[in-house]
Amino acid sequence: MEKKEFLEKLARALAGQVSQTVIEENLRYYETYLSDEAAKGRKMHQILEELGEPRLLAKSIIDANGGGNSMAGIYEDESRGFEGSGSDRYQEEEEFARRRFRQFQIRGFWVMVLLIVVFCLFLMLVGTIIGGIFLLIRPIILPLLIIWLIYWIFRGPYSRC
């Protein structure tokens, strides 16, 4: 892998995850770093091997900047890309956004299913607790009702204290 390919892969991995400003800052940093290290006499493949895969590097950058915000940089000027901001890049970004939206929908569906299951379990727990309370006081309520009925009969339904 060459320097240009490394930077392009890094830019693609960061696209849509962090703001365009963060992408440009990191691309400038790594471009300068690679140039400085090459000027010291190191071979480019050694430097790139030391840095690792661009997508793993991008994950670290994304995590450090608040994590995969698909709306990051939405109001920034999209024409200020790294290289090749033509229709191919636009189509790639559009496909990425579509895939991400589908993932969100699936995630939203499973969250809804989980919430319904938790709600049903909560209702079952509350019903069990209330039913248990009634089972505990049932032996006490029947005698109390009988005593109240006897008192009501002897005292009269319409008499006042």
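Everything below is about the structure shown above.
From a predicted model like this one, the values you see are computed outputs, not experimental measurements.

S.K.: Could you clarify how one ought to interpret the pattern of salt bridges in this entry?
M.R.: Oppositely charged side chains may form a pair once their charged atoms are brought near each other. Under the counting rule described, the total for this entry stands at five salt bridges. Residue Glu50 is joined to Arg42 by a salt bridge in which the shortest nitrogen-to-oxygen separation is 2.9 Å. Exposure remark for Arg42: the relative accessible area of 28% places this residue in the partly exposed category. Shared partners join several salt bridges into a network, and the residues in it are Glu37, Lys40, Arg42 and Glu50.

S.K.: Mind showing me how you'd approach the environment of Ala13 here?
M.R.: Inspection of the secondary structure puts Ala13 in helix α1 (residues 3–14). Residues Ala13 and Leu57, spaced 44 residues apart in sequence, show a C-alpha to C-alpha distance of 9.0 Å. Beyond its immediate sequence surroundings of up to four residues, Ala13 is in contact with Arg55, Ala58 and Ile62.

S.K.: In this structure, what is going on with the nonpolar core? I would like to understand it.
M.R.: Phe6, Leu10, Leu14, Tyr30 and Leu34 are the most contacted members of the largest nonpolar core, which has 19 residues in total. For this core, the secondary structure elements donating two or more residues are α1, α2 (20–39), α3 (44–51) and α4 (54–64). Apart from the residues lying within four places of it in its own chain, the contact partners of Leu10 are Leu27, Tyr30, Pro54, Leu57, Ala58 and Ile61.

S.K.: Help me understand the packing of α1 against α2, please; the structure alone is not making it clear to me.
M.R.: Angle between the axes and distance between the axes: these two values describe a pair of packed helices. Closest axis-to-axis distance for the α1/α2 pair is 10 Å, and the angle between their directions is 160 degrees. Looking at the two axes, α1 sits roughly antiparallel to α2. Note that α1 runs across α2; the crossing there is right-handed. On α2, the residues touching Lys3, Phe6, Leu7, Leu10, Ala11 and Leu14 of α1 are Ile23, Leu27, Tyr30, Glu31, Leu34 and Ser35. Among the residues forming the contact of α1 with α2, the class breakdown is nine nonpolar, one polar and two charged.

Rules behind the numbers
- Every chain begins its residue count from 1, and numbering advances along the sequence as written.
- Only residues with pLDDT of 70 or above have their local features reported here, since the model is predicted, and side-chain atom pairs are shown and tallied only from 80 upward, although totals for entire chains, interfaces and linings are computed over all residues.
- To obtain the side-chain values, all non-hydrogen atoms of the structure were used and water was disregarded.
- Here, a salt bridge means any Lys or Arg side-chain nitrogen found within 4 Å of an Asp or Glu carboxyl oxygen.
- Partly exposed describes any residue whose relative accessible area lies between the buried limit of under 20% and the exposed limit of over 50%, with all areas from a 1.4 Å probe on protein chains only and scaled to the type maximum.
- Each helix corresponds to a stretch of at least 4 residues labelled H or I by DSSP, and each strand to a stretch of at least 2 residues labelled E; elements are numbered beginning at the N terminus.
- Residue contacts are defined here by distance: any two heavy atoms, one from each residue, within 4.5 Å place the two residues in contact.
- The term nonpolar core refers to a set of buried residues drawn from Ala, Val, Leu, Ile, Met, Phe, Trp, Tyr and Cys, joined through side-chain atoms within 4.5 Å.
- Between N-to-C directions, angles span 0 to 180 degrees; the directions come from axes that are lines fitted to C-alpha atoms, helices contributing only their stretch in contact.
- We call two directions roughly parallel when the angle between them is under 35 degrees, roughly antiparallel when it is over 145, roughly perpendicular when it lies between 65 and 115, and oblique otherwise.
- Left-handed describes a crossing whose near helix is turned anticlockwise from the far helix by less than a right angle; the clockwise case is right-handed.
- The nonpolar class holds Ala, Val, Leu, Ile, Met, Phe, Trp, Tyr, Cys and Pro. Asp, Glu, Lys and Arg form the charged class, and all remaining residues, Gly among them, are polar.

Spatial relationships are all this shows, so hold off on functional conclusions.
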